[in-house]
Structures are given as structure tokens and as C-alpha cells.
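# Structure assessment
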Amino acid sequence: VHTLAVVAVGLVVAGLGVANLYPTALSLAVGTAPGQLDQAGARASLASGTAIFALPLLLGRIADVVGITPAFSVVGVLTVLAVILLMAVPPRPGG
């Protein structure tokens, strides 16, 4: 069923689900750089802004070339890559 009400409710639920991701990620980024809060906040903002700008354009271009399903698999690949990178970083002492 694809009525306007169902779509609107789905968008609200999705929005509520992801609303805390940016503040949480920013808090974690700033928390990893004691004494360099400004630089950590700036880098996190730059990274998220770049991703928000570039990823839709990249996905659209890939979708034009190979189709929508392979294009959106890029998101899964990037997620797996991010998890691997996070696991490769040793934990901070005392944190």
C-alpha cells in the first residue's frame, strides 16, 4: 500500500530513527581528541558535509551506468569498510 499517509508515517519513523546519529557521531569524534575540540568538530562537520553532498551524486551516477540495485550496494560496501576501519583502530587507554 503506497498511500500518502503510509509514506509520511514511514518518513517520520525513519527520521526519528536516524535523528540521533549525527549528534552521537559528533560527540564521539570530539571525545577522541581531548584538547583539540575545535579541530575534531570541524573535521567531523567537514566529513559529514562532504558525504551529504557527494554520496547522492555518486549513487546517481553509478545508477545511471549500472542500475539502481548495484548503485545502492555501494552504501553496504562503505558501511562494511567503515566497520573494518573502526575495528582496526586500537582502543584508547582508559576509555
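Everything below is about the structure shown above.
Here the structure is a predicted model, which is why all the values come from computation and not from measurement. (Residues numbered from 1 in each chain as written. Predicted model: local features only at pLDDT ≥ 70, side-chain atom pairs only at ≥ 80, totals over all residues. Heavy atoms only, no water.)

### Considering the layout of surface pockets
In this model, the largest pocket occupies a volume close to 970 Å³. What lines the largest pocket is a set of 22 residues, among which Ala25, Ala47, Ser48, Ala82 and Leu86 lie closest to the centre. Considering every element that reaches the lining of the largest pocket, the biggest residue donor is helix H3 (residues 37-66), with 10 residues. Partitioning the lining of the largest pocket into residue classes produces 17 nonpolar, four polar and one charged. (1 Å grid on protein atoms, 1.4 Å probe; cavity = no way out; pocket = protein on both sides within 12 Å on 5 of 7 lines; lining within 4 Å. Points joined across faces, edges and corners; volume = space filled by probe spheres on them. Helix = DSSP H or I, 4+ residues; strand = E, 2+ residues; numbered from the N terminus. Nonpolar A, V, L, I, M, F, W, Y, C, P; charged D, E, K, R; others polar.)

### So, a nonpolar patch on the surface
A cluster of nonpolar side chains, contributed by Ile68, Phe72 and Val75, occupies part of the molecular surface with about 270 Å² of accessible area. Take Phe72: it is sitting in helix H4 (residues 68-88). (Patch = residues over 30% accessible without salt bridge, like charges linked within 9 Å, V, L, I, M, F, W, Y side chains within 5 Å. Areas by Shrake-Rupley, 256 points an atom, 1.4 Å probe, with all protein chains shown as cover. Salt bridge = Lys/Arg side-chain N within 4 Å of Asp/Glu carboxyl O.)

### What to know about the packing of H3 against H4
Close contact between H3 and H4 brings their axes to 7 Å; oriented N to C, the two are set at 140 degrees. The angle between H3 and H4 places the two elements in the oblique class. Of the two elements, H3 crosses H4, and the hand of that crossing is right-handed. Across the interface between the two elements, Leu55, Leu59, Ile62, Ala63 and Val66 from H3 touch Ile68, Pro70, Ala71, Phe72, Val74, Val75 and Leu78 from H4. Taken together, the residues that form the contact of H3 with H4 break down as 12 nonpolar, no polar and no charged. (Axes fitted to C-alpha atoms, helices over the stretch in contact; angles between N-to-C directions. Parallel < 35°, antiparallel > 145°, perpendicular 65-115°, else oblique. Left-handed = near helix turned anticlockwise from the far one by under 90°. Contact = heavy atoms within 4.5 Å.)

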